[in-house]
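Spelled out, the chains give:
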Amino acid sequence: MKIENSTAVTEFILLGLTQSQNIQLLVFVLISIFYLIILPGNFLIILTIRSDPSLTAPLYFFLGNLAFLDASYSFIVAPRMLVDFLSEKKVISYRACITQLFFLHFLGGGEGLLLVVMAFDRYIAICRPLHYSTVMNPRACYALLLVLWLGGFVHSIIQVALILRLPFCGPNRLDNFFCDVPQVIKLACTDTFVVELLMVFNSGLLTLLCFLGLLASYAVILCRISGSASEGKSKALSTCTTHVIIILLMFGPAIFIYTRPFTALSADKVVSFFHTVIFPLMNPVIYTLRNQEVKASMRRILSRHVFF
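On a predicted model such as this, the values are computed, not experimentally measured, just so you know. (Residues numbered from 1 in each chain as written. Predicted model: local features only at pLDDT ≥ 70, side-chain atom pairs only at ≥ 80, totals over all residues. Heavy atoms only, no water.)

Caption draft 1: Representation of the nonpolar core in the model. Counting residues in each nonpolar core, the largest one holds 97 residues, and the members touching the most others are F12, I31, M81, L115, I163, F168 and F273. Residues contacting L115, with those up to four places away along its chain left out, are L66, L214, I246, I247, M250 and F251. (Core = buried A, V, L, I, M, F, W, Y, C linked by side-chain atoms within 4.5 Å. Buried < 20%, exposed > 50% of the residue type's maximum accessible area, 1.4 Å probe, protein only. Contact = heavy atoms within 4.5 Å.)

Caption draft 2: Up close: the sheet that holds strand 3 (residues 173–174). Overall, mixed pairing links the three strands, which are arranged 2-1-3 in an open sheet. The open sheet has two edge strands with one neighbour each: strand 2 (91–93) and strand 3. Judged from the two bridges that link them, strand 1 (residues 11–14) and strand 3 form a sheet pairing that is parallel. Across the sheet, the residue bridging to I13 is R173, located in strand 3. Of the strands in this sheet, strand 1 and strand 2 are in contact with helix 3 (residues 94–127), which crosses strand 2 at around 85 degrees. (Pairing = 2+ DSSP bridges. Helix = DSSP H or I, 4+ residues; strand = E, 2+ residues; numbered from the N terminus. Axes fitted to C-alpha atoms, helices over the stretch in contact; angles between N-to-C directions.)

Caption draft 3: The arrangement of a nonpolar patch on the surface in detail. The grouping of L25, V29, I33, L36 and I37 at the surface amounts to a nonpolar patch, some 510 Å² of accessible area in total. Mapped onto the secondary structure, I33 falls in helix 1 (residues 21–51). (Patch = residues over 30% accessible without salt bridge, like charges linked within 9 Å, V, L, I, M, F, W, Y side chains within 5 Å. Areas by Shrake-Rupley, 256 points an atom, 1.4 Å probe, with all protein chains shown as cover. Salt bridge = Lys/Arg side-chain N within 4 Å of Asp/Glu carboxyl O.)

Caption draft 4: Layout of the UniProt feature "transmembrane region" (unreviewed entry) in the protein chain. Here, the residues flagged by UniProt with the feature "transmembrane region" (unreviewed entry) are residues 23–47, 59–78, 98–120, 141–164, 205–225, 237–258 and 270–289. Across residues 59–78 one finds 100% helix and 0% strand; the C-alpha atoms that close the span lie 29 Å apart. Secondary structure across residues 205–225 comprises 100% helix and 0% strand; the distance between its end C-alpha atoms is 30 Å. (UniProt positions renumbered as here; feature names shortened; annotations may be inferred.)

Caption draft 5: How the structure looks around the pattern of salt bridges. Taken as a whole and assessed by the stated rule, the structure comprises four salt bridges. Between D121 and R122 there is a salt bridge, and its shortest N-O distance comes to 2.8 Å. For D121, a relative accessible area of 1% gives the class buried. Its salt-bridge partner being K269, residue D175 comes within 2.8 Å of it at the nearest N-O pair.

Caption draft 6: Highlighting the packing of helix 3 against helix 8 (residues 233–258). Two numbers describe how helix 3 lies on helix 8: the axes approach to 11 Å, and their chain directions differ by 150 degrees. Taken together, the axis directions place helix 3 and helix 8 in an arrangement best described as roughly antiparallel. Here the hand of the crossing between helix 3 and helix 8 comes out left-handed. Counting all contacts with helix 3, which are made through L104, H105, G108, E111, G112, L115, M118, R122 and I126, the residues of helix 8 involved are A236, T239, C240, H243, I246, I247, M250, F251 and Y258. By residue class, the composition of the contact of helix 3 with helix 8 is eleven nonpolar, five polar and two charged. (Parallel < 35°, antiparallel > 145°, perpendicular 65-115°, else oblique. Left-handed = near helix turned anticlockwise from the far one by under 90°. Nonpolar A, V, L, I, M, F, W, Y, C, P; charged D, E, K, R; others polar.)

Caption draft 7: Structural detail: the packing of aromatic side chains. Evaluated as defined, the whole model comprises 19 aromatic pairs. Taking the centre distance of 5.1 Å and the plane angle of 65 degrees together, the rings of F61 and Y142 count as edge-to-face. Separated by 81 residues along the polypeptide, F61 in helix 2 (residues 58–85) and Y142 in helix 5 (residues 138–164) bring together distant segments of the chain. Consider the rings of F177 and F178, whose centres lie 4.8 Å apart with planes at 55 degrees: the pair is tilted. Three or more aromatic residues link up through ring pairs in this structure, and these residues are F68, F102, F103, F106, W149 and F153. (Phe/Tyr/Trp six-rings, centres within 6.5 Å; stacked < 30°, edge-to-face > 60°.)

Caption draft 8: Just helix 3, in detail. Taking 1.5 Å as the rise per residue, helix 3 with 34 residues should run 50 Å; its terminal C-alpha atoms sit 49 Å apart, in good agreement. Counting buried positions along helix 3 gives 25 out of 34 residues, so the element sits mostly inside the fold. (Expected span 1.5 Å × (residues − 1).)

Caption draft 9: Quick look at the state of the cysteines. For the coordinates displayed, the defined rule picks out two disulfides. Between the sulfur atoms of C169 and its disulfide partner C189 the distance amounts to 2.0 Å. Where C169 bonds to C189 through sulfur, the torsion about that S-S bond is close to -135 degrees, and the disulfide is left-handed. With C169 in the loop between helix 5 and strand 3 and C189 in the loop between helix 6 (181–185) and helix 7 (193–226), this residue pair connects regions lying 20 residues apart in the sequence. If one numbers only the bonded cysteines of the protein chain, in the order they occur, the disulfide pattern is 1-3, 2-4. (Disulfide = S-S within 2.5 Å.)

Written out as structure tokens, the structure is:
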């Protein structure tokens, strides 16, 4: 899609996360620590799953994709945010703003659908174990992966198309530390009521429905596990509990941001900060810390490299 704005605004001024220099320094250090420690951990997860022949089950295939999506997602907002902390004037061009918004919803939408796919995988594995190898074969896994990437693209392109139709003639001060739909829409020089409704439907309603569907599916799975007497009960319970934690981290802030009319609240920036910067880096790590097979494989890889 051609990014072209027929109005006077060619750039937006980002007001940032906070005006306090002390808080900015604290956040700068916090993000830097997360990048130096947790981001390499995400890439180690991907390397471990790709290199260990024992981690070929669909569960690990999707976990590797979750780590990739979250690592990619963390590059959309955080690097520019770090640079802006060191700049007096925080400016982003119109084209860069639209590009950032596109990838934010492209990868975010894809990750939401990936969590749905992971829930489906756990449902088949626990509730229909005899059909698992047939249903979740490699071809089906790659097909599901393609669907979630296409779903994220369609979701994002709708957001971008609606934004591109809006005229922007001033003001251009964006009350956030990155470009997102709620703040950008408010700067349009026209009535945005209909566009806001479409945005809430495309982002908020779909997010809420996915969240409720995921909770319902895991409730069924957990009930099935609790009534089982198999020796793999504790492992299945740990896996599903971890999935629920990741779902809460992923969908909780998104529901807060996108399922209500686009009115500014004092908590918006803090919620957005955790949603776009902190949680994406933590999700795969949280999962891995509760998965014994992946942890054991990672220890073997690290010991092998340290030895050599």
